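These are the residues of each chain, in order.
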Amino acid sequence: MNKIIAAAVGLSLALLASTALADGPKVGVVVKIGGIPWFNAMEAGIKEQSAKLGVQGFMVGPTSADPALQVRAIEDLIAQKVDVIGVVPNDAKVLEPVLKKAQDAGIKVITHESPKQVGANWDFELASAKGFGEAHGKLLAEKMGGKGSYAVFVGSLTVPLHNAWADGAIAYIKANYPDMKLIGDRYGVAEDVDKSRSTALDLMAANADLKGFLAFGSQGPIGAGRAVEERRKDGKVFVIGPFSPGQGAKLIKSGALTGGFMWNPKQAGEVFITLADLIAKGQVPKAGDDIPGLGKIAPEGNTIVVDQLLKIDKESIDKLVSMGL
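Conventions adopted
Residues numbered from 1 in each chain as written. Predicted model: local features only at pLDDT ≥ 70, side-chain atom pairs only at ≥ 80, totals over all residues. Heavy atoms only, no water. Pairing = 2+ DSSP bridges. Helix = DSSP H or I, 4+ residues; strand = E, 2+ residues; numbered from the N terminus. Axes fitted to C-alpha atoms, helices over the stretch in contact; angles between N-to-C directions. Contact = heavy atoms within 4.5 Å. Salt bridge = Lys/Arg side-chain N within 4 Å of Asp/Glu carboxyl O. Buried < 20%, exposed > 50% of the residue type's maximum accessible area, 1.4 Å probe, protein only. Phe/Tyr/Trp six-rings, centres within 6.5 Å; stacked < 30°, edge-to-face > 60°. Parallel < 35°, antiparallel > 145°, perpendicular 65-115°, else oblique. Nonpolar A, V, L, I, M, F, W, Y, C, P; charged D, E, K, R; others polar. Right-handed = clockwise from strand over helix to strand, strands pointing away. Left-handed = near helix turned anticlockwise from the far one by under 90°.

Draft legend 1. Region of the structure containing the sheet that holds strand β9 (residues 238-240). Here 4 strands make up an open sheet; going across it, the order is β7-β6-β8-β9 and the pairing parallel. Strands at the two margins of the open sheet, each flanked by one partner only, are β7 (180-182) and β9. Across the sheet, the mean angle separating the axes of adjacent strands is 25° when strand polarity is ignored. In terms of strand pairing, strand β6 (residues 148-153) meets β7 through 3 bridges, oriented parallel. By the bridge assignment, Gly148 is partnered in β7 with Met180. Packed onto the sheet, helix α6 (residues 160-176) meets β6, β7 and β8 (210-215) and runs at close to 165° relative to β6. Sitting on the sheet, helix α8 (residues 220-230) touches β6, β8 and β9, and the angle it makes with β9 is about 170°.

Spelled out as structure tokens, the structure:
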């Protein structure tokens, strides 16, 4: 026991020493919600890249996907006088005033999953909205055989990127699979596993011809997959969307969750810190720059978009899990 305590104390001192030695910019990254696998992986990337670059980087994860909690977290970072604030917004519009406040205080702002965010100096995306949506729409259509009804989940109706993905998927299906019918419009439940599950159960009960779910938001596929499993609809109702492989591995292997595409959230965490370090030092990312985690970039205004999709299915799931995702 004494050895365990000594080791724990030693680790704590090492972490404190590491923080004390970091003399780079102070960077706080506010994510949608704390404690879920997707953002746990992002936090690992933030910590590792911060240690590598000597940046004082850390993540703030609100207790729920409530835009008001993100506003509060950003207000706190402004009060701390950090150099750079990173955000994965729940509601782009709600954050505009507080992001402007941060900029007025001389703090640089970087967003992710929120292209053209008002109040951001830079936004980066590891997948183009149209390409990401179309890839999921095509996969769902193939699994459904191009016929039947399907439903769409998003994180909320005010998350621009989730809705852009949904727009791309729905437009692709409409143009190529006229025998597929969208139920309702879209449901803003995909950052809550319980709401996704209950909504999926309700929709399956009310729509006998429902054959698929497109779920954009990391908890949506998990919740819908659990609902499919409960109703024993594996192989009859298909669930497609991005999710953390470690969280969805069991459902993928059972067939309750069909698959989807993702980018690496750990890599996104690393990019937050890499970009923050650059802009805090007065450097401006420009076309042709080779930035770790992004590759060669071609910014459109203040938005950097690259396509780095990873397919999630039965064949790839174990490898993705072994990567810590």
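Draft legend 2. Spatial organisation of the pattern of salt bridges. Taken as a whole and judged by the stated rule, the model has 14 salt bridges. A salt bridge links Arg186 to Asp167; its shortest N-O distance comes to 2.9 Å. Taken together, the positions of Arg186 in the loop between β7 and α7 (193-206) and Asp167 in helix α6 put the pair 19 residues apart, joining distant regions of the chain. With relative accessibility at 41%, the residue Asp167 sits in the partly exposed group. One salt bridge in this structure joins Lys286 and Asp289, with 3.3 Å as the shortest N-O distance.

Draft legend 3. Structural context of the packing of aromatic side chains. Taken as a whole and judged by the stated rule, the model has 9 aromatic pairs. Taking 4.5 Å as the distance between ring centres and 50° as the angle between the ring planes, the aromatic pair formed by Phe132 and Trp165 counts as tilted. Taken together, the residues Phe132 in helix α5 (residues 129-144) and Trp165 in helix α6 connect sequence positions 33 residues apart. For the pair formed by Phe132 and Trp165, the shared burial category is buried. Taken together through their ring pairs, the aromatic side chains of Trp38, Phe132, Trp165, Phe216 and Trp263 make up a single cluster.

Draft legend 4. Inspection of the packing of helix α3 (residues 67-79) against helix α4 (residues 92-104) at higher detail. Two numbers describe how α3 lies on α4: the axes approach to 10 Å, and their chain directions differ by 5°. Judged by the angle between their axes, α3 and α4 are roughly parallel. Contacts between α3 and α4 involve Pro67, Gln70, Val71, Ile74, Glu75 and Ile78 on the former and, on the latter, Val94, Leu95, Val98, Leu99, Lys101 and Ala102. Residue classes in the contact of α3 with α4 are distributed as 9 nonpolar, 1 polar and 2 charged.

Draft legend 5. A look at the pairing of strand β3 (residues 84-87). Burial along β3 is two-sided: the face carrying Val84 and Gly86 and the face carrying Ile85 and Val87 are both buried. As defined by bridge partners, strand β1 (residues 26-30) adjoins β3 across 4 bridges and the pair is classed as parallel. Bridge assignment links Gly28 to a residue of β3, and that residue is Ile85. Alignment of β3 against strand β4 (residues 108-112), held across 4 bridges, turns out to be parallel. Residue pairing in the sheet places Val87 in a bridge with Thr111 of β4. For the handedness criterion, the β-α-β arrangement of β3, α4 and β4 is classed as right-handed.

Draft legend 6. Focus on the sheet that holds strand β5 (residues 122-125). In spatial order, the strands read β2-β1-β3-β4-β5-β13; together these 6 strands make up an open sheet with parallel pairing. Pairing within the sheet leaves two strands with one partner each, and these edge strands are β2 (56-60) and β13 (303-305). In this sheet, neighbouring strand axes are inclined to one another by 15° on average, regardless of whether the strands run parallel or antiparallel.

Draft legend 7. Examining the packing of helix α2 (residues 37-53) against helix α10 (residues 265-280) more closely. As a packed pair, α2 and α10 sit with axes 6 Å apart at the nearest point and diverge in direction by 40°. Considering their axes alone, α2 and α10 lie oblique with respect to each other. Crossing angle aside, the handedness with which α2 passes α10 is right-handed. Side by side, α2 and α10 meet where Trp38, Ala41, Met42, Ala44, Gly45, Ile46, Glu48, Gln49, Ser50 and Leu53 of the first sit next to Pro265, Lys266, Ala268, Gly269, Glu270, Phe272, Ile273, Thr274 and Asp277 of the second. A breakdown of the residues in the contact of α2 with α10 according to their chemical character gives 10 nonpolar, 5 polar and 4 charged.

Draft legend 8. Structural context of unusual backbone geometry. Backbone geometry places Lys81, a non-glycine residue, at a positive phi of 60°. Overall, the relative accessible area of 69% leaves Lys81 in the exposed class. You will see that Arg232, though not glycine, has its phi angle at about 55°, which is positive. Examined against the element boundaries, Arg232 turns out to sit in the loop between α8 and β9.

Draft legend 9. Spatial organisation of the side chain of Glu191. With respect to the helices, strands and loops of the structure, Glu191 is situated in the loop between β7 and α7. Residue Glu191 is classed as buried on the basis of its relative accessible area of 11%. Residue contacts for Glu191: discarding those within four places in its chain leaves Lys32, Ile36, Ala65, Gly155, His162, Gly217, Ser218 and Gln219.

Keep in mind these numbers describe shape, not what the thing actually does.
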